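# Summary of structural features
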Amino acid sequence: MQAVWIIPGDRLLRAEISPATMSSIKIECVLPENCRCGESPVWEEASNSLLFVDIPAKKVCRWDSLTKQVQRVTVGWCRAWGEMLWGRAQCSLVFAGTMAEETAPAVLERHQGALYSLFPDHHVKKYFDQVDISNGLDWSLDHKIFYYIDSLSYSVDAFDYDLQTGQISNRRSVYKLEKEEQIPDGMCIDAEGKLWVACYNGGRVIRLDPVTGKRLQTVKLPVDKTTSCCFGGKNYSEMYVTCARDGMDPEGLLRQPEAGGIFKITGLGVKGIAPYSYAG
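Residues numbered from 1 in each chain as written. Predicted model: local features only at pLDDT ≥ 70, side-chain atom pairs only at ≥ 80, totals over all residues. Heavy atoms only, no water.

### Brief notes about the pattern of salt bridges
All told, the structure shown has 12 salt bridges when counted by the stated rule. Between glutamate 33 and arginine 72 there is a salt bridge; the shortest N-O distance is 2.7 Å. Of this pair, glutamate 33 sits in the loop between β3 (26–31) and β4 (38–44) while arginine 72 sits in strand β7 (residues 70–74), and the two are 39 residues apart along the sequence. Overall, glutamate 33 belongs to the buried group, its relative accessible area being 15%. Put simply, arginine 215 and glutamate 178 hold a salt bridge, and the shortest N to O gap is 3.4 Å. (Salt bridge = Lys/Arg side-chain N within 4 Å of Asp/Glu carboxyl O. Helix = DSSP H or I, 4+ residues; strand = E, 2+ residues; numbered from the N terminus. Buried < 20%, exposed > 50% of the residue type's maximum accessible area, 1.4 Å probe, protein only.)

Pasting the structure below:
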């Protein structure tokens, strides 16, 4: 692993990357949104737009990559049910996790969350509870493995997945985060079946091989509170990363003025896959 300086626009940024991709990676803050906690980015191919949320601000946003315009809609939630942190469709189902309400970033009553799925007939299945912070989730390319992150376990876990019934089983850890990587947050998969995990307070996204349990690549961003990532753009060749600014003091915000923005990473040398749509 080597550290290099790369130039997005007119600014120098430091990135730790593998030698194979040293020459091409660029990082750019494409939207200085000042999200309190930006999360759950999803690419909408039909409109060339990125959808994302700002959880504490209760906003759902759409950024048009062509016009650079942003649409924002304010929504609400029932605090008694906790915060729905992440939802993603897999063929016919939507999986979503919950957590307790935070008193400060990543500070909350433990073991209050759960993992659920919503079926096409709109019935809800609860898989398990005792979760701290439900976070990143995705599926292997053959849909036989479900990947899941409970952030305060500092682990990326895998389950066997039954595509026909939506059942999950045989939970195991495929990667334990190292100390400097901090807290695993949102996650996506690329077209080669490798996982990308945003590391909250670690200021990076890491690429993992879920088969070998090895970290393949680290890309550092100019903000610490990276929260999630997805692929998008033409042929899903760009990565978009959300981040947060809640919990940062004034000095920290001066050091990281783009905290809360939306970042685009190009030149990774790998593409993502299109998101699935819910059948209900």
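### Looking at the sheet that holds strand β18 (residues 204–209)
Pairing in this open sheet of 4 strands is antiparallel, and the strands run β16-β17-β18-β19 from one edge to the other. Across the chains shown, the open sheet's two edge strands, defined by having one partner strand only, are β16 (183–189) and β19 (214–220). Each neighbouring strand pair of the sheet contributes to a mean axis angle of 25°, computed without reference to strand direction. Pairing between β18 and β19: 6 bridges, direction antiparallel. If you follow aspartate 209 over to β19, its bridge partner there is lysine 214. (Pairing = 2+ DSSP bridges. Axes fitted to C-alpha atoms, helices over the stretch in contact; angles between N-to-C directions.)

### Examining the pairing of strand β14 (residues 155–161)
Of all 7 residues that make up β14, 6 are buried, and the element is covered over most of its length. With 6 bridges connecting them, strand β13 (residues 145–150) and β14 associate as antiparallel partners. Its bridge partner lying in β14, isoleucine 149 is registered against valine 156. In sequence, β13 turns back onto β14 through a hairpin of 4 residues, with tyrosine 154 there showing a positive phi of about 55°. Connecting β14 to the antiparallel partner strand β15 (residues 168–176) that follows it, the hairpin turn spans 6 residues, and glycine 166 within it adopts a positive phi of roughly 80°.

### Describing the environment of alanine 244
Residue position: alanine 244 is located in the loop between β21 (238–243) and α1 (250–255). As a C-alpha pair, alanine 244 and serine 228 span 16 residues in sequence and 9.9 Å in three-dimensional space. If we skip the residues at most four places from it in the chain, alanine 244 touches Cys35, Arg36, Cys37, Gly38, Tyr200, Lys225, Thr227, Ala259 and Gly260. (Contact = heavy atoms within 4.5 Å.)

### Section: the state of the cysteines
What the rule picks out here adds up to 0 disulfides. Cysteine cysteine 37 is unpaired, with the sulfur of cysteine 35 as its nearest cysteine sulfur at 8.3 Å. Unpaired in terms of disulfides, cysteine 61 finds its nearest cysteine sulfur in cysteine 35, a separation of 5.9 Å. Owing to a relative accessible area of 2%, cysteine 61 belongs among the buried residues under this scheme. (Disulfide = S-S within 2.5 Å.)

### Here we look at unusual backbone geometry
Residues other than glycine predominantly adopt negative phi, and peptide bonds predominantly adopt the trans conformation. Of note, asparagine 34 is a non-glycine position whose phi angle comes to about 55°, a positive value. In this structure, asparagine 34 sits in the loop between β3 and β4. Given the relative accessible area of 42%, asparagine 34 is considered partly exposed. Of note, lysine 58 is a non-glycine position whose phi angle comes to about 60°, a positive value. The residue lysine 58 is located in the loop between β5 (49–54) and β6 (59–64) in this model.

### Comments concerning the packing of aromatic side chains
Enumeration over the complete set of coordinates arrives at 14 aromatic pairs. Their ring planes at 45° and their centres at 5.0 Å tell us that phenylalanine 95 and phenylalanine 146 sit as a pair that is tilted. Here phenylalanine 95 is found in strand β9 (residues 93–99), whereas its partner phenylalanine 146 is found in strand β13, with 51 residues between them in sequence. Given the relative accessible area of 0%, phenylalanine 95 is considered buried. (Phe/Tyr/Trp six-rings, centres within 6.5 Å; stacked < 30°, edge-to-face > 60°.)

### Quick look at the sheet that holds β5
With antiparallel pairing, 4 strands are arranged side by side in an open sheet as β4-β5-β6-β7. Edge positions in the sheet fall to β4 and β7, since each has one partner strand and no second. Neighbour to neighbour, the strand axes of the sheet diverge by 20° on average, direction disregarded.

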